[in-house]
Every structure is written in structure tokens, then in C-alpha cells.
Amino acid sequence: MRGKERKVIDDARDQPLDKRVHFSVRLLESASTYKDIVVRKKDGFTQILLSTRSTYNNTLNREVMNEVKSALEKAAVDDSKFVLLSAVGSVFCCGLDFDNIVKHLKYNRKRATVKLVDTIKNFVNSFIEFKKPIIVSVNGPAIGLGASILPLCDVVWANEKTWFQTPYTRFGQSPDGCSTITFPKIMGRAAANEMLINGWKMNAQEACDKGLVSQVFWSETFTQEVMVRIQEITSCNSFVLENSKALVRYNMNVELKQANGRECEVLKKIWASAQGMEYMLKYVQNKID
């Protein structure tokens, strides 16, 4: 063990100062621990995996969203060329953790609403503000906020067996993740309304046809297909990658942040109301039943 440690230290000393700084940051980040996500520093990129221990089916509570936000902030300033966002298990993300939300809103609803909505707003903004490419590997169902953040990323690859759904009206909540502006832009108003209002359950190929997903891969070779393409991107110049994203996203961030702000204000109104609370309680109870 001592021999291995000595070798790592000696290798670092031989590098220029700026590379040694990056090297130290990467070691520190690899050693950092999260409760509900896994962060892996790879050669050229950062992999963030949803691996929620405190929630069910990779749902998003305040803690999970804050951890993802923190991991993105660290990847933004280290030597990662891009981020690969994926998940552990057979589910990608089932959106907001309504069991957790209801539990918090039962006590001091106004204060809890502000905290929860601010967390969502900051979580979504962390995707909008991230300057490096975000690649998403969707291994399983993506629901609610788990689906609506996808257009905020740059490349989305999906397992052929996965599906996407944003049944907000059934949850008793309004759309989030800037989906009120991104969904109509990428898939047209009619399809967006089917998703956001009617809760259309879209399969992987339909999502690809509508522009929500970049490519669909066979489930048997999904991981291998993703990693082959990841290696290709890793070989690209980081300056070129970041500036290419900047050109594609030019003038979009202000519009996205405004949409995020509007959506969060409506969420505050719904969650702070007695009717909104009653509807969410009914949804949670029906889910339990």
C-alpha cells in the first residue's frame, strides 16, 4: 500500500504546477462522499450517478438536489471536460419525492414551501448555468423533474426499454424544470401539452422522434454503446467542447432562468394553498394504497 502511495506522489511531482493542482483536486473529489449520489472522477470527465438511499426510485428531495448541485459546481472548476449524468439501478429518476414534500409541508407550510421551491429553483439553475457539456445516460424511466431537466442537458442517450412521463396534473402540481418553454420548442406545442397536461407516457423511440432524446440504444448493449461514445467525446479538446456549447446555448440562459422563476412561483402558490396540499395528500395516499 505504501509503495502505491509513493508512486502516485512521485508522478504528481513530475507534472507542471497547474496539472498538479488539477491532480490534487481530482484526488480530493474522488475521496469525497455523498449520501444520495455517487461521483466518479474518470479520465477526462466526471460521472454523477443518482443512487438515492434516502428516497425510493431515485426521487429528488432537498438533500439529493443539493448534492447534485454541489457535484456540478465542483465539476465546473476542475479539469473535467464534461459531465456524464446517469443512475444506479433500473430507474433513472422518478422526479420529486412527494412523500418527503408532504411531510415537510405539514408543519409551517409557508416556510417549508419557500425552502423546497428555492431548492428546486437552484437545482434547475445549476443545469442552466453549467458551461461544460452534460451528457445523460437514461437507463430507465424518467418521470416529472427527472424528465423535464433533460432538455437542459446537451446529449441524451436512452435505453430502448425506458419511457418518459410528466404527469404533473396527477401529482397536483404545475410543470417544472423549464419544461413550459423547452418542451414546446423541441417537440411542438401539441405534443408538449400531451406531456405536461395529459401526462402522455412516451416510449424511448417516441422521445427520440420528438427530440427529447438524442439516440436510443439496445438494452443489452446500452452501457457499452454509451462508453464507446463517451471515449470519443473524451478525446475532444475541452476548450472546443465548452465553446461549442456556448454557441448552441447563446441567448438561451436568460430565457430559461425566467421560465424557471415563473414555474417556481406557481409551485409556491400551489403548495402554500390548502387545495394544493389536499391534492398532494390524496396522491400520496393513493400511491400507498
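What counts as what
- Residues numbered from 1 in each chain as written.
- Predicted model: local features only at pLDDT ≥ 70, side-chain atom pairs only at ≥ 80, totals over all residues.
- Heavy atoms only, no water.
- Pairing = 2+ DSSP bridges.
- Helix = DSSP H or I, 4+ residues; strand = E, 2+ residues; numbered from the N terminus.
- Axes fitted to C-alpha atoms, helices over the stretch in contact; angles between N-to-C directions.
- Salt bridge = Lys/Arg side-chain N within 4 Å of Asp/Glu carboxyl O.
- Buried < 20%, exposed > 50% of the residue type's maximum accessible area, 1.4 Å probe, protein only.

The protein chain has the name Chromodomain Y-like protein in an unreviewed UniProt entry, where Saguinus oedipus is given as its organism.

## With respect to the sheet that holds strand β7 (residues 163–165)
If you walk across this open sheet you meet the three strands as β5-β7-β8, and the pairing is mixed. The sheet is open, and its two borders are formed by β5 (142–143) and β8 (202–203), each paired with just one other strand.

## Remarks on the sheet that holds strand β4 (residues 134–138)
Spatially, the six strands line up as an open sheet ordered β1-β2-β3-β4-β6-β9, and their pairing is mixed. Pairing within the sheet leaves two strands with one partner each, and these edge strands are β1 (37–41) and β9 (215–217). Each neighbouring strand pair of the sheet contributes to a mean axis angle of 20°, computed without reference to strand direction.

## Notes on the pattern of salt bridges
Pairing of side chains with opposite charge becomes possible as their charged atoms draw close. Taken as a whole and assessed by the stated rule, the structure comprises 10 salt bridges. Of the charged contacts, one joins glutamate 73 and lysine 69 as a salt bridge, the two residues approaching to 2.7 Å between their closest N and O atoms. In this pair, glutamate 73 and lysine 69 are both assigned in helix α3 (residues 62–77), four residues apart and thus about one turn of the helix distant. A salt bridge links lysine 268 to glutamate 265; its shortest N-O distance comes to 3.6 Å. Of the two residues, lysine 268 and glutamate 265 are both situated in helix α13 (residues 252–272); the distance of three residues between them amounts to about one turn of the helix. Given a relative accessible area of 41%, glutamate 265 falls into the partly exposed group. Put simply, Lys41, Asp78 and Lys132 are held in one network by salt bridges that share partners.

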